[in-house]
Amino acid sequence: AFDKGTGNLTWRVADGTAMEERLLEGPNSRYPTSITPDGSQLVFREEAGPTGLDLAVLTLGSDDPPKPLIVTEYNELNAEISPDGRYLAYRSNESGRDEVYVRPFPNVGAALWQVSTGGGEHPAWARSGEELFYRALDGSLMRVPVDLQPTFSAGAPTRLFNGPYVRGAGRAYDVSPDGSRFLMIKTGGDSGDDSSPPQLVVVQNWFDELKRLVPIDRPLLKITR
């Protein structure tokens, strides 16, 4: 977890039986995004001054300070570690617009692959390691077939479905373990019809309108003593 407005990172057991423990504190804004499959390392986004948004990694259960992971003149965020722990998918604007890239992990300088085309953000790995999903810049969800063995390779992106779905600073969707279903935050009303945006209706002189719709010729309740 993170403390909004500060650089503090904390953690606690999921069942809430223990107090939270502070992992990291400092002046820079930080946002945790992914953890290695063995639970030993946490990758987080850090707002690091002149270099903008960068990625760093923290070894959990250790007193070692966090290590810079990807630090450039561009913004790097939305980092997600692959199910086998060997690759890191993330978002960067190094091409002039946001795209999804993949690097080896933790040796991120060894190679670089661009996965998205036409813009992308918020990647998510299928548990099988055979697919990588991301959000296109218009909000639709994209699918990319990938192969992690013996090294990374990716096919052409295809569109799975359109929005509108809620988008935020973090990944506002998830994929089921078998890769067949997605959990999204849907916009619009409860009717399921998203053709029209929600509207706010203001009625002026509402009491006169009420009397017109429900005429009252005599008091509905008479109070006597």
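You'll find the structure just up there.
What this report covers is the structure whose coordinates are included nearby. (Residues numbered from 1 in each chain as written. Predicted model: local features only at pLDDT ≥ 70, side-chain atom pairs only at ≥ 80, totals over all residues. Heavy atoms only, no water.)

## Section: unusual backbone geometry
That bond from F105 to P106 is cis: its omega, 5°, falls within 30 degrees of zero. Looking at the element boundaries, P106 is found in the loop between β9 (99-104) and β10 (113-114). Cis rather than trans, the peptide bond between Q149 and P150 has omega equal to -5°. The residue P150 is located in the loop between β13 (141-147) and β14 (153-154) in this model. Positive phi, close to 55°, is recorded for N78, a residue that is not glycine. Within the secondary structure, N78 is located in strand β7 (residues 76-81). Here the phi dihedral of H122 falls at roughly 50°; this positive angle occurs in a residue that is not glycine. Position of H122 relative to the elements: it lies in strand β11 (residues 121-125). (Helix = DSSP H or I, 4+ residues; strand = E, 2+ residues; numbered from the N terminus.)

## Focus: the side chain of N78
Here N78 falls in the buried class, since its relative accessible area comes to 7%. Engagement of the side chain of N78 in a polar contact is seen with the side chain of R91, the distance being 3.0 Å. In terms of polar contacts, N78 uses its side chain to reach the backbone amide nitrogen of H122, at 3.3 Å. Not counting the four nearest positions on each side in its chain, N78 is found in contact with A89, Y90, R91, E121, H122, P123 and A169. (Buried < 20%, exposed > 50% of the residue type's maximum accessible area, 1.4 Å probe, protein only. Polar contact = N/O pair within 3.5 Å; in protein donor to acceptor, adjacent residues only side chain to side chain. Contact = heavy atoms within 4.5 Å.)

## Examining the side chain of S92
Relative to the helices and strands, S92 resides in strand β8 (residues 87-92). The exposure class of S92 is buried, given its relative accessible area of 0%. At a separation of 3.2 Å, a polar atom in the side chain of S92 contacts the main-chain amide nitrogen of E94.

## Considering the environment of F152
Looking at the element boundaries, F152 is found in the loop between β13 and β14. A sequence separation of 66 residues divides F152 from R86, and the C-alpha atoms of the two residues are 9.3 Å apart. Among all residues touching F152, those that are not within four sequence positions of it are Y87, V102, W113, V115, W125, V146 and D147.

## Examining the packing of aromatic side chains
Taken as a whole and assessed by the stated rule, the structure comprises eight aromatic pairs. Consider the rings of Y87 and W113, whose centres lie 6.0 Å apart with planes at 70°: the pair is edge-to-face. On the criterion of sequence distance, the pair formed by Y87 in strand β8 and W113 in strand β10 is long-range, its members being 26 residues apart. Under the relative-accessibility criterion, Y87 is labelled buried at 3%. On the numbers, 5.9 Å between centres and 70° between planes, the contact of F161 with Y165 is edge-to-face. (Phe/Tyr/Trp six-rings, centres within 6.5 Å; stacked < 30°, edge-to-face > 60°.)

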